[in-house]
Amino acid sequence: MESHEDRISNDSGNDTIHDVIAARLSRRDVLRGGLAVAGAGLLGMDALVRAVPAEAKANRPGRLLGFESIPISTADTLVVPPGYSARVLIAWGDPVSDGPAFAQDASNTAADQAQQWGMNNDGLVFFPMKGNGKYGGKGKRRGLLVQNHEYTDDVLLFPDGTEGWDAAKTAKSIAAHGVGIVELASVKVGRRREWRVVRPSYYGRRITGATPCGVTGPAAGHALLKTSADPTGTHVLGTLNNCAMGWTPWGTYLTCEENFNGYFRKVGPQTPMERRYGITAAGFGYLWHTTDTRFSVDDEPNEPNRFGWVVEIDPFDPTSTPQKRTALGRFKHEGAWVQQARDGRVVVYSGDDEQFEYIYRFVSAEPWRRMRRLGESPLDRGTLYVARFDSNGLGEWIPLTPEHPALAGWTAAQIAIDTRSAADLVGATPMDRPEWIDTFPRTLTGIATLTNNSARGMPGTNPRTGLPNAGIDATNPRGGPSATNPPGSGNQYGHLLTWSYRRDWTENTFRWDIYALAGNPAAAVSDGSNFTGDAFGSPDGIYVAPSGRLWIQTDVSGSAINPEARGATYAAFGNNQMLCSDPTTGEVRRFLTGPNVCEITGVFVTPDERTMFVGIQHPGEAPVGANDAANPKRYSAWPDFDAGQRPRSATVIITKDDGGPIGS
Ligand code: FEO
Ligand code: CA
Ligand code: CA
């Protein structure tokens, strides 16, 4: 990229404010009035219940949590509260339609895998289906479950692990990535109904790291997207590192490409943009580049630029081609959460999950119905913004357009392709790893998880920018080392942040607040947590159910929670978990604990809220460097528990035994 490759990126030491936090909290004290509760938190501030106040008007305060809290768990099993049941719906390797069954010894071929549920299922959406096979209705009898397959554990994927890596192994690893679509039907089982995967199904489909995808929007056809295999810069093979997701009012699925950089290798000197996005000689350990030059950046310099996008998929049309929507920018997209403005424009939120990266918003140029009537995607034309959070409790969405004075000389395509560098220049606020986002529609409030940031306020430099790590600020208020921060590192436990508008989602200014600083409220020595309820760390997936219940899923990393390495820092949290919070009171209550070393990620309910889908990812995953092909069971045998069985990521269905709403 010409105009801006030669400058240092992320020089935005934006607003690292220590001394205004007290003032900020005083403001909140006034705003919150009688909601303050007792307790001393970080920096000596009052611990407050971070309720979403207007949500209380829609829900009677404190009425959303009806279940009994469960304790933390270190058992290799999945636990839900009394009165609830959970069962596995689909696991890695199960066919999505009438394809081959999972082979317990992992001997399935790449062609098999391309017809089977991928590895490491992540973000998911349940789409209700009407009788005519179209999107909509109440989804009581029929629907589609669409879910991402984020990455592969290549040791588990093959009988002999990564030994003798060859093109067939690359092909299978690529086939285990992407997206899975299965048709679900509610069938009678005795006196009850149960959701089952329909096999065979017209809709059952896999989209993999090799599925042809189109490219639309400002970056389509740009020189930086052209490769030897695709001189048009508009036809990409596959989607990779599909983390979280979103869905549109017109019934499509958005799959988001997060850590795409890890598949590529660049041995020669990095360009500034490669450094900014983490394209390195080591990658994340994948061996694809050894058999496919597409992943060797020294051979194919523009291939990485074709990943890092939001990809739109029509799950109701199995013949449709996924489209990479470049107007939403290129970064490590965690997900893409859509809201409708009063006039019918769509607003899409997206976090860039890496230390000191940003939160983004896209607003379509016109109402989505009009754009679709004209044959245009609402995600192809509009404005991308990045968030700046000010210490006074207000914030602003800054437009990333060539008209911005700081982006003089940039084109819309360049901004789309090197979004991170554009955002650096306009003064965005570097955050503690933005993960999922969702919205409280009744109260015009967005909420994001900032999962953790071991480098916040720590000595050292950011490897992507070469700049010193940012200190604490008002929206990322924990970092070390300091007397009040838990020992060891920066923001260890993460937090949840809200922002609210006065009248509409399209407003460019907002008021922000911290919903909860995670940790263990019962810790003998305060760990800085400031909410009422059960301990949790590293919030990642969040989901606002139709009732307003806020579901929170955790991702305390595998090495911190494996049974051999579990340290005191994370002992209070046990295995990863899912909790429910009542936004009218801020209380957080533990609802589910997962098997050993899994991550809980992906959650959705049917429209009646009586069935919940929850993703269990990477049970038993060994710490990096401890991979052992001879012992694939490792730290977990979930969910099959047969002798020699590999642990498998799987999606479970949760129901309440009395048929009531989940969480009630
Ligand atoms: Fe794939 Fe940021 O989680
Ligand atoms: Ca995540
Ligand atoms: Ca995470």
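Residues numbered from 1 in each chain as written. Chains lettered and ligands numbered in written order. Predicted model: local features only at pLDDT ≥ 70, side-chain atom pairs only at ≥ 80, totals over all residues. Heavy atoms only, no water.

**Re the overall build of the protein chain**
Put simply, the rule reads: The way it works is that DSSP assigns letters per residue, a run of H or I at least four long becomes a helix, a run of E at least two long becomes a strand, and they are numbered from the N terminus. Exposed residues in this analysis have more than 50% of their type's maximum accessible area, buried residues have under 20%, and partly exposed residues fall in between, with area computed by a 1.4 Å probe over protein chains only. Two residues qualify as a contact provided that any one of their heavy atoms is within 4.5 Å of a heavy atom in the partner residue. Here the Shrake-Rupley method, with its probe set to 1.4 Å, supplies the accessible areas, and only the displayed protein chains count as covering residues.
Helices and strands together make up the secondary structure of the protein chain, namely 10 helices and 32 strands. Within the protein chain, buried positions represent 64% of all 664 residues. For the protein chain, contacts bridging at least 24 residues in sequence account for 66% of all contacts bridging at least 6. If you sum the accessible surface of the protein chain, you get close to 22,300 Å²; carbon and sulfur atoms cover 52% of it.

**Some points on the sheet that holds strand β23 (residues 445-450)**
Our working rule: DSSP calls a pair of strands paired once it identifies at least 2 bridges connecting them. As a rule, the C-alpha atoms of each element are fitted with a line to give its axis, helices using only the stretch in contact, and angles between N-to-C directions run from 0 to 180 degrees.
Taking strand neighbours across the sheet as the criterion, the nine strands line up as β15-β16-β18-β19-β20-β25-β24-β23-β22 in an open arrangement whose pairing is antiparallel. Both outer strands of the open sheet, β15 (337-340) and β22 (434-440), are each paired with one neighbouring strand and no more. This sheet shows a mean twist of 30 degrees between the axes of neighbouring strands, independent of strand direction. The pairing of β22 with β23 spans five bridges and is antiparallel. Bridging from a neighbouring strand, Asp438 pairs with Ile447 of β23.

**Some words on the coordination of the calcium ion (ligand 2)**
Stated precisely, the cut-off is as follows: Donor atoms (N, O, S) are those found within 2.8 Å of the metal centre, with the cutoff raised to 3.2 Å for Na, K and Ca; water is not part of the atom list, so apparent gaps in a site can occur.
Here the calcium ion (ligand 2) is held by the protein donor atoms Glu334 (OE), Glu435 (OE), Asp540 (OD) and Asp540 (OD), which lie 2.3 to 2.6 Å from it. Taken in sequence order, the residues that donate to the calcium ion (ligand 2) follow the motif E-x100-E-x104-D. Between the calcium ion (ligand 2) and the calcium ion (ligand 3), both coordinated by Glu435, there is a metal-metal distance of 3.7 Å. Note that Glu435 is positioned in strand β22 and Asp540 in strand β26 (residues 539-544), a separation of 105 residues in sequence.

**A few points about the coordination of the calcium ion (ligand 3)**
Taken together, Glu435 (OE), Asp540 (OD) and Asp555 (OD) make up the full set of protein donors to the calcium ion (ligand 3), lying 2.2 to 2.4 Å away. We note that the donor set of the calcium ion (ligand 3) lies within a single chain, spaced as E-x104-D-x14-D.

**Observations concerning the nonpolar core**
Let me state the cut-off plainly: Each nonpolar core is a collection of buried residues, namely Ala, Val, Leu, Ile, Met, Phe, Trp, Tyr and Cys, held together in the definition by side-chain atoms within 4.5 Å.
Ranked by size, the top nonpolar core spans 101 residues in total, and within it Phe591, Val614 and Ile654 carry the most contacts. Among the elements that take part in this core, strand β25 (residues 509-517) stands out by supplying six residues, more than any other. With residues up to four places along the chain from it excluded, the contact list for Phe591 reads Phe67, Ile70, Val79, Val80, Pro81, Tyr84, Trp551, Met578, Leu579, Ile654, Ile662 and Gly663. By size, the runner-up hydrophobic cluster in this structure holds 30 residues, among which are Leu225, Phe260, Val297 and Phe307.

**Examining helix α5 (residues 167-175)**
Given 3.6 residues to a turn, an α-helix orients residues that are three or four positions apart in the same direction. If you check which residues of α5 are buried, you get Lys169, Thr170, Lys172, Ser173, Ile174 and Ala175. The elements touched by buried residues of α5 are α3 (110-113), α4 (154-157) and β8 (205-207).

None of this, on its own, says anything about what the molecule does.
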